[in-house]
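Given next are the chains, with one letter for each unit.
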Amino acid sequence: MEAKTAEASKTIMTDLVLPSETNPLNNLFGGELLARMDRAASIAARRHSRRIVVTASVNHVEFNRAVPLGSVVTVEAKVSRAFKTSMEVYIDVWVEDRESGMRTKANEAIYTFVAVDETGTPIAIPEIVAESPLEIERYEGALRRKQLSLVLAGKMKAKDATELKALFA
Ligand SMILES: CC(C)(COP(=O)(O)OP(=O)(O)OC[C@H]1O[C@@H](n2cnc3c(N)ncnc32)[C@H](O)[C@@H]1OP(=O)(O)O)[C@@H](O)C(=O)NCCC(=O)NCCS
């Protein structure tokens with residue numbers, strides 16, 4: 001299977017924040033943002049694998065900045081690393097200022113997707129080629145984040161998480 005660039009999976013979704021999508025403070029409801037990120041990330045994972053993909057895990061979400069009603073929100077997703085059947089997808093969320101058009105980073109998240117066949121069985125996917133400095137940084141950290149996610153899910157013993165343990169050595 002031929003490796004593919006991270007850039008080839010890049011997915012950008014831009015949308016408004018409508019009244020039905022806000023919390024009592026008139027900011028974007030967290031669950032709505034999670035859904036938008038899940039949609040963009042699943043398209044990125046599908047573009048990389050060209051398979052059916054399912055969300056296996058939400059590894060990390062930062063709600064750093066509230067997103068007010070009426071904002072233009074851009075969700076950018078890219079596969080940061082592919083393993084045997086699973087992919088880490090990094091998501092950056094930007095909010096656009098109405099007057100200046102300047103974009104400010106609002107949130108960030110990391111999701112894991114698994115490529116499956118028609119029966120839901122995990123299936124092998126191509127490797128990722130990381131090119132830019134940011135892609136390389138995210139690629140290099142992905143294995144320890146995968147190990148942390150597996151340990152937290154009870155699917156890996158902490159003693160076997162060698163890449164993760166190396167952080168504390
Ligand atoms: C995701 C799913 C296919 C994994 O099935 P499984 O039986 O655990 O399969 P495996 O143990 O072979 O794991 C498959 C891959 O997922 C990875 N994985 C599984 N759970 C993970 C987790 N919590 N975090 C990170 N990676 C995980 C495994 O490490 C493996 O990766 P690799 O092949 O790249 O090394 C299965 O749990 C599933 O279908 N879940 C439901 C998905 C879904 O419906 N999502 C939407 C929620 S509403």
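Check the entry above for the structure.
The rules behind each value
One numbering rule holds for all chains: residues counted from 1, following each sequence as written. Only residues with pLDDT of 70 or above have their local features reported here, since the model is predicted, and side-chain atom pairs are shown and tallied only from 80 upward, although totals for entire chains, interfaces and linings are computed over all residues. Pairs of strands are assigned from DSSP output, requiring at least two bridges between the strands. Strands are runs of DSSP state E lasting at least two residues, helices are runs of H or I lasting at least four, and both sets are numbered from the N terminus onward. For each residue, a C-beta atom is positioned from the backbone; the residue is called near a molecule or strand if that atom sits within 6 Å of it. When residue character is reported, Ala, Val, Leu, Ile, Met, Phe, Trp, Tyr, Cys and Pro are called nonpolar, Asp, Glu, Lys and Arg charged, and the others, Gly included, polar. Here a helix's expected span is defined as the number of its residues, less one, multiplied by 1.5 Å. Any residue surrounded by 20 or more other C-beta atoms within 10 Å of its C-beta is treated as buried, while 12 or fewer makes it exposed and the intermediate range makes it partly exposed; C-beta atoms here are placed from the backbone. A pair of residues counts as a contact when their C-beta atoms, built from backbone coordinates, are separated by no more than 7 Å. Fitting axes to the seven residues ending at a residue and to the seven starting there, one defines the bend at that residue as the angle between these axes.

Here we take up the pairing of strand S6 (residues 103-116). Regular strands place their side chains on alternate faces of the sheet. Of the pairings in the sheet, the one linking strand S3 (residues 52-63) to S6 comprises 10 bridges and is antiparallel in character. Paired with Phe63 across the bridge in S6 is Asn107. Between strand S5 (residues 86-96) and S6, which pair antiparallel and follow one another directly, the connecting turn spans 6 residues, one of which, Gly101, has a positive phi of 80°.

Turning next to the site of the ligand. Neighbouring the ligand are 18 residues; Phe83, Lys84, Thr85, Ser86 and Ser149 lie closest to it. Secondary structure elements with two or more residues in the shell around the ligand: S3, S6 and helix H2 (133-152). Ranked by the residues each element gives to the shell around the ligand, the list is headed by S3, at 4 residues. For the shell around the ligand, the per-class residue count stands at 8 nonpolar, 7 polar and 3 charged.

Turning to helix H1 (residues 30-49), a few remarks are in order. Since one α-helical turn is 3.6 residues long, residues separated by three or four positions face the same way. Between its terminal C-alpha atoms H1 stretches 28 Å, which fits the 28 Å expected from 20 residues at 1.5 Å a residue. By the burial criterion, the buried members of H1 are Leu33, Arg36, Met37, Ala40, Ala41, Ala44, Ala45, His48 and Ser49. Elements that come into contact with the buried residues of H1 comprise strand S1 (4-5), strand S2 (11-16), S3, strand S4 (72-82), S5 and S6. Immediately beyond the C-terminal end of H1, within one or two residues, lies Arg50, with a positive phi of roughly 55°.

Attention shifts here to H2. Compared with an ideal rise of 1.5 Å per residue, which puts 20 residues at 28 Å, H2 spans 29 Å between its outermost C-alpha atoms and is within 8% of the ideal. Roughly 35° is the biggest bend found in H2, and it falls at Ala142. For H2, every residue scored as buried is listed here: Glu135, Arg138, Tyr139, Ala142, Arg145, Lys146 and Ser149. Elements in contact with the buried residues of H2: S3, S4, S5, S6 and strand S7 (128-129).

Okay, the environment of Tyr139 next. Locating Tyr139 in the fold gives a position in helix H2. In this structure, Tyr139 is in contact with Ser80, Arg81, Ile128 and Ala130, ignoring residues within four places of it in sequence.

Look at Asn26: it is not a glycine, yet its phi comes out positive at around 65°. As for its placement among the helices and strands, Asn26 is situated in the loop between S2 and H1. Residue Asn26 is classed as exposed on the basis of its 12 C-beta neighbours within 10 Å. Its identity as a non-glycine residue notwithstanding, Arg50 has a phi of 55°, on the positive side. Inspection of the secondary structure assignment puts Arg50 in the loop between H1 and S3.

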